[in-house]
Structures are given as C-alpha cells and as structure tokens.
Amino acid sequence: MKQLSNRHILLGVTGGIAAYKSAELIRRLKDHGADVRVVMTAAAMEFITPLTLQALSGNPVHTTLLDPAAEAGMGHIELARWADVILIAPASADFMARLANGRGDDLLTTLCLATPAPIALAPAMNQGMWRDPATQANVNILVERSIHLFGPAAGEQACGDVGPGRMLEAEDLAQRCAELFNSRLLDGVQLTITAGPTREAIDPVRYISNHSSGKMGYALARAAADAGARVTLISGPTNLPCPERVTRIDIVSATEMHEAAMAAMGQCQIFIACAAVADYRPINCAGQKIKKDNDSMQIELVRNPDIVSAVAKHAERPFTIGFAAETQDLLHYARDKLQRKNLDMIVANDVANSSIGFNANDNAVTVLTTKGEQSIAQMGKNQLAAQLIQLIAQQFLSTKQEGL
Ligand code: CTP
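Now for a look at the structure at hand.

Reading guide: rules and limits
Residues numbered from 1 in each chain as written. Predicted model: local features only at pLDDT ≥ 70, side-chain atom pairs only at ≥ 80, totals over all residues. Heavy atoms only, no water. Core = buried A, V, L, I, M, F, W, Y, C linked by side-chain atoms within 4.5 Å. Buried < 20%, exposed > 50% of the residue type's maximum accessible area, 1.4 Å probe, protein only. Contact = heavy atoms within 4.5 Å. Phe/Tyr/Trp six-rings, centres within 6.5 Å; stacked < 30°, edge-to-face > 60°. Helix = DSSP H or I, 4+ residues; strand = E, 2+ residues; numbered from the N terminus. Lys NZ or Arg CZ within 6 Å of the ring centre and 35° of its normal. Salt bridge = Lys/Arg side-chain N within 4 Å of Asp/Glu carboxyl O. Axes fitted to C-alpha atoms, helices over the stretch in contact; angles between N-to-C directions. Parallel < 35°, antiparallel > 145°, perpendicular 65-115°, else oblique. Left-handed = near helix turned anticlockwise from the far one by under 90°. Nonpolar A, V, L, I, M, F, W, Y, C, P; charged D, E, K, R; others polar. Arc of directions from axis to C-beta. Near = heavy atom within 4 Å. Polar contact = N/O pair within 3.5 Å; in protein donor to acceptor, adjacent residues only side chain to side chain. Areas by Shrake-Rupley, 256 points an atom, 1.4 Å probe, with all protein chains shown as cover. Pairing = 2+ DSSP bridges.

## Notes on the nonpolar core
Right, so step 1: Judged by nonpolar contacts, the single largest core of 38 residues is most densely connected at L186, L220, I270, I272 and L388.
Right, so step 2: Not counting chain neighbours up to four residues away, the residues in contact with I272 comprise L191, T192, I193, T194, L220, I321, F323, I389 and I392.
Right, so step 3: Among the nonpolar cores identified, the runner-up in size contains 33 residues, and L4, A18, L53 and L168 belong to it.

Quick look at the structure:
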C-alpha cells in the first residue's frame with residue numbers, strides 16, 4: 001500500500017515565489033496515494049493560477065470564504081473536517097503572522113481555526129524575513145500550539161540571497177506528511193517528565209537554585225503528547241505555559257519533586273528526568289529572614305534524593321531516561337551516569353556552549369544507550385524534542401518486544 005493511500009490532504013498555497021513548487025508537490029502527494037484538495041489565498045493567485053492546481057489535483061480549487069457556489073459544493077466547515085492534515089506550502093511570513101494571531105479573514109485561516117486535523121507549515125521566504133524576530137516569535141507561538149514546521153531549508157534563494165528560507169523539496173514534504181501519520185508511536189502510553197529547576201529554601205525569602213529554564217522538558221512534554229502519550233509534567237518553577245493535553249504538577253523543592261515522581265510509579269511506563277535538580281539543600285530552613293549579623297556565614301547542606309536513580313530502582317521500574325548536562329568531558333560523564341544510575345538511555349548536552357545551554361532556544365545532544373550512541377545536530381528545542389521522543393519511543397517499543 002502507498003504511504004498516503006486514502007489520506008485527505010488539504011494543501012494551502014499562500015503568496016510567494018515558491019508557489020510554483022506547489023504544482024510538483026500535488027503530483028508527489030498523489031503519487032503517494034493522497035487525495036488532494038487545494039485552497040489558495042489571493043496572494044497565491046498572483047504567482048500561479050487555480051486552473052493549474054485544479055488540473056493537477058483533479059479537484060476544484062477553493063479560493064474565497066464567501067463564495068455561494070463553492071459553499072454549495074463543499075462548505076468551508078465540511079472542508080475543514082474532510083482534511084486528515086492541512087499542509088500549507090509555501091507558508092509566507094504574512095500567512096504565519098495571521099495564523100499566529102488567530103485571524104479568520106480568508107478561507108485558509110478560517111479552515112485552520114476550524115479544523116480538528118493537524119496543521120503543517122512549509123515556510124518559504126527571504127532569509128532576512130525568516131530571521132526577523134517578529135517571524136521567529138510567530139513561529140514559536142505556532143509550534144507551541146503543536147503546529148508542525150517542515151523546514152525551511154537553507155541555500156540560495158530566488159532573490160539572490162543565501163540563507164534559511166527555502167521551501168523543502170516536494171518529495172521531502174510528501175515524506176514528512178507520511179511521517180505525521182506514523183508518528184503516534186506512543187498512543188496511550190503513560191509518560192512522566194521532570195522539568196525545570198528546583199529551589200531549596202534557606203529562609204522564607206532566599207533559596208539555592210540553578211539556571212534551568214525548563215524549555216527542553218516542556219518541549220519534550222509537548223512532543224510526547226503529540227505522539228499520543230498521556231503526559232504528566234512534574235515541574236519546578238518556570239515561566240512557561242503548560243503545553244496542551246499535558247497534566248502539570250507544580251513543585252518547588254527536590255524533596256517535593258521526589259515525592260511526586262514516586263507517586264507516579266506503578267502507572268508510569270516511561271520516565272524522562274529532564275529537571276536540573278539541586279543536589280543539596282540547607283539542612284535547616286530558618287523560620288525568619290536571616291539578618292546579616294556577621295561578616296561571614298555558613299549554611300550546612302545535606303544531599304537531596306537522586307530522583308532518577310530512585311525511579312530506576314523502583315519495583316515497578318519504567319523505561320528510564322536521564323539527562324547529563326555537563327561543561328566538560330561530556331560523553332565520559334554521560335556514560336558513567338548511564339551506568340551508575342541504571343538508566344535505559346541518557347541524553348548528553350554540553351551546557352558550556354551558550355548557544356545550546358540552559359536558557360538557549362536551540363540544543364544539540366548525543367543520546368547514549370548501553371548498546372551505542374547517536375548524535376542529533378543543533379536545532380530548535382521543539383524540533384529536537386520531536387526527534388528525541390521518536391528515538392525514545394522506538395527504544396521503548398523494542399525493549400517491550402524483547403521482554404515479551
Ligand atoms: N537527577 C535527579 N535527581 C537528582 C539529581 C539529578 O533525578 N537529585 C537527574 C537529572 O534530572 C538528570 C540526571 O539525574 O536526568 C543527571 O543529573 P546531573 O545533575 O547531571 O547528575 P548528578 O547525579 O547530579 O551528578 P553530578 O552533579 O555529580 O554531575
């Protein structure tokens with residue numbers, strides 16, 4: 001059977017020079033067995049005609065929201081329900097801005113608001129427009145809403161610039177669509193993630209903590225929910241909104257995170273320890289704010305429980321993944337932690353490099369298991385999270401098969 005047999009793909013075409021590649025894309029999608037319907041924005045029709053896309057798709061092309069004739073054929077709500085996926089290729093900077101703002105001022109934005117189907121964007125624009133902070137802010141909003149981003153690729157552009165902003169090639173986009181249907185690898189699996197920093201109280205107004213932003217853990221929670229898992233996120237204090245379809249348990253200290261993790265044992269099949277847990281806490285938290293009476297002071301600290309080790313030792317041990325955030329000898333320390341903490345997998349991440357460190361939006365990692373290692377090159381934390389969840393799911397499923 002072809003990869004996209006019987007799949008309904010609603011292809012949105014917006015205004016950009018890459019619109020000419022949409023014609024080839026329709027052919028590739030149909031080669032893979034998809035039924036394709038096309039919606040064009042007014043700007044798209046400046047670049048390519050509806051007639052071309054109608055001839056290639058074999059279906060009428062939809063162009064306006066308030067067209068009685070089109071509504072009589074297949075109304076816009078019906079079209080939104082018909083789609084198994086909405087793929088917008090090319091997606092212009094203006095279209096992404098309108099989508100990020102929840103606009104419904106033309107047929108395509110209205111369909112995106114109305115559809116229950118996943119939405120994927122294949123951005124195409126000048127590299128300066130792609131890099132502009134306004135576009136990047138819109139991309140972040142869209143990815144946080146679980147909209148899939150296919151590309152863009154980097155290279156030579158129609159305007160003569162070189163950089164990121166080229167639409168992915170038609171075959172690549174067709175493959176990515178097929179992957180969307182294969183990606184619910186974790187359907188119904190219970191997954192717990194720890195994320196963010198912990199705070200260890202010194203007195204009622206002070207604490208010991210670290211620079212963790214929680215971004216990686218939250219991105220993993222979102223990617224796991226997208227893959228069909230039932231996700232519980234045990235989170236230290238962060239400024240991040242809880243991803244959709246994720247249950248968040250807010251904690252402050254390592255002791256509270258430990259308790260919440262232990263309470264999840266028995267129901268949880270995969271445990272991902274992404275939190276930057278404080279290793280020590282003050283032995284006593286002062287009842288009142290400490291006054292600076294002396295020139296020096298000492299705070300005695302005591303070890304916190306090692307949460308991921310406790311999970312890996314539990315009688316109902318889930319498939320357990322740890323993180324190793326190191327500033328030197330990354331792989332050496334990661335291998336040591338994999339073994340010492342009895343983990344199934346460890347994700348090693350170099351926090352000395354500020355472009356992929358604690359507060360950065362990007363990350364690059366090496367994933368180690370007892371059987372081997374695999375590197376994932378630098379990319380946005382959301383994209384990286386999707387790749388990591390894919391890897392974790394594959395390992396989890398193959399371990400489960402071996403156990404049968
Ligand atoms: N971890 C944990 N509980 C702790 C400390 C760490 O669950 N009390 C988890 C982290 O979430 C991470 C992994 O253990 O998945 C490794 O964390 P890291 O701080 O690098 O390791 P430590 O054991 O604290 O080792 P060290 O500080 O000596 O590097």
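## A closer look at the packing of aromatic side chains
Right, so step 1: As enumerated under the stated definition, the model contains one aromatic pair in all.
Right, so step 2: Relative to F396, the ring of F319 lies with its centre 6.0 Å away and its plane at 70°, an arrangement referred to as edge-to-face. Residue F319 is located in strand β16 (residues 319–326), and its partner F396 is located in helix α14 (residues 381–403); the two are separated by 77 residues in the primary sequence. Each member of the pair F319 and F396 is classed as buried.
Right, so step 3: Across from the ring centre of W82, 5.5 Å away, lies the NZ or CZ of R37, which sits over that ring.

## Observations concerning the pattern of salt bridges
Right, so step 1: Summed over the entire model, instances satisfying the criterion amount to 18 salt bridges.
Right, so step 2: E24 is the partner of R28 in a salt bridge, and the nearest nitrogen-oxygen pair spans 2.2 Å. Residue R28 and its partner E24 are both found in helix α1 (residues 20–31); the two are separated by four residues, about one turn of the helix.
Right, so step 3: Among the salt bridges present, the one from R98 reaches D106, with a minimum N-O distance of 3.1 Å. Considered together, R98 and D106 belong to a single accessibility category, that of buried residues.

## What to know about the packing of helix α5 (residues 93–100) against helix α8 (residues 133–144)
Right, so step 1: Running from N to C, α5 and α8 point in directions that differ by 50°, and their axes come no closer than 9 Å. Viewed along their axes, α5 and α8 adopt a mutual orientation that is oblique. When you trace α5 past α8, the crossing you get is left-handed. Residue-level contacts link A93, M96, A97, L99 and A100 of α5 to T135, N138, V139, I141 and L142 of α8.
Right, so step 2: Tallied by class, residues from the contact of α5 with α8 come to eight nonpolar, two polar and no charged.

## Some words on helix α11 (residues 254–264)
Right, so step 1: Along α11, the residues that are buried comprise A254, M257, A260, A261 and A264. The arc that holds every buried residue of α11, seen down its axis, measures 125°, which confines them to one face. In α11, the exposed residues that point more than 90 degrees away from the buried face are E259 and A263.
Right, so step 2: On its buried face, α11 is in contact with β8 (190–195), β9 (200–203), β11 (230–235), β12 (246–250), β13 (270–273) and α12 (307–313).
Right, so step 3: Immediately downstream of α11, the backbone of G266 shows phi near 100°, a positive value.

## Points about the environment of T255
Right, so step 1: With respect to the helices and strands, the residue T255 is situated in helix α11.
Right, so step 2: Spatially, the C-alpha atom of T255 lies 8.9 Å from that of I307, the residues being 52 residues apart in sequence.
Right, so step 3: With residues up to four places along the chain from it excluded, the contact list for T255 reads R281 and N304.

## Comments concerning the site of the ligand
Right, so step 1: All residues in the neighbourhood of the ligand are listed as A273, A275, V277, D279, P305, D306, I307, V308, G322, F323, K337 and K341.
Right, so step 2: In the environment of the ligand, an oxygen atom lies 2.7 Å from a nitrogen or oxygen atom belonging to the backbone of A273.
Right, so step 3: Between the ligand and the protein, one listed contact pairs an oxygen atom with a side-chain N or O atom of D279 at 2.9 Å.
Right, so step 4: Isolated, the ligand exposes 570 Å² of accessible area, and the fraction of that covered by the protein chains is 77%.
Right, so step 5: Listed by contribution, the elements that provide at least two residues to the shell around the ligand are α12 and β16.
Right, so step 6: Of the residues in the shell around the ligand, the class split is seven nonpolar, one polar and four charged.

## Overview of the sheet that holds strand β5 (residues 148–149)
Right, so step 1: On the basis of which strands lie adjacent, the open sheet formed by five strands has the order β2-β1-β3-β4-β5 and parallel pairing. In this open sheet, the two strands that pair with only one neighbour each are β2 (35–40) and β5.
Right, so step 2: Summarising the sheet, strand β3 (residues 85–91) and strand β4 (residues 119–123) pair through four bridges and their orientation is parallel. Of the residues in β4, the one forming a bridge with A91 is P123.
Right, so step 3: Of the strands in this sheet, β1 (8–13) and β2 are in contact with helix α2 (residues 50–57), which crosses β2 at around 170°.
Right, so step 4: Its contacts with the sheet put α5 on β3 and β4, and the angle it makes with β4 is roughly 150°.

## Focus: the packing of helix α10 (residues 215–226) against α14
Right, so step 1: At their nearest, the axes of α10 and α14 sit 8 Å apart, and the two run at 55° to each other. When the interaxial angle is binned, α10 and α14 end up oblique. As for the relative orientation of α10 and α14, their crossing is right-handed in sense. Between α10 and α14, the residues in contact are K215, M216, A219, L220, R222, A223 and A224 and K381, N382, L384, A385, A386, L388 and I389, respectively.
Right, so step 2: Residue classes in the contact of α10 with α14 are distributed as 10 nonpolar, one polar and three charged.

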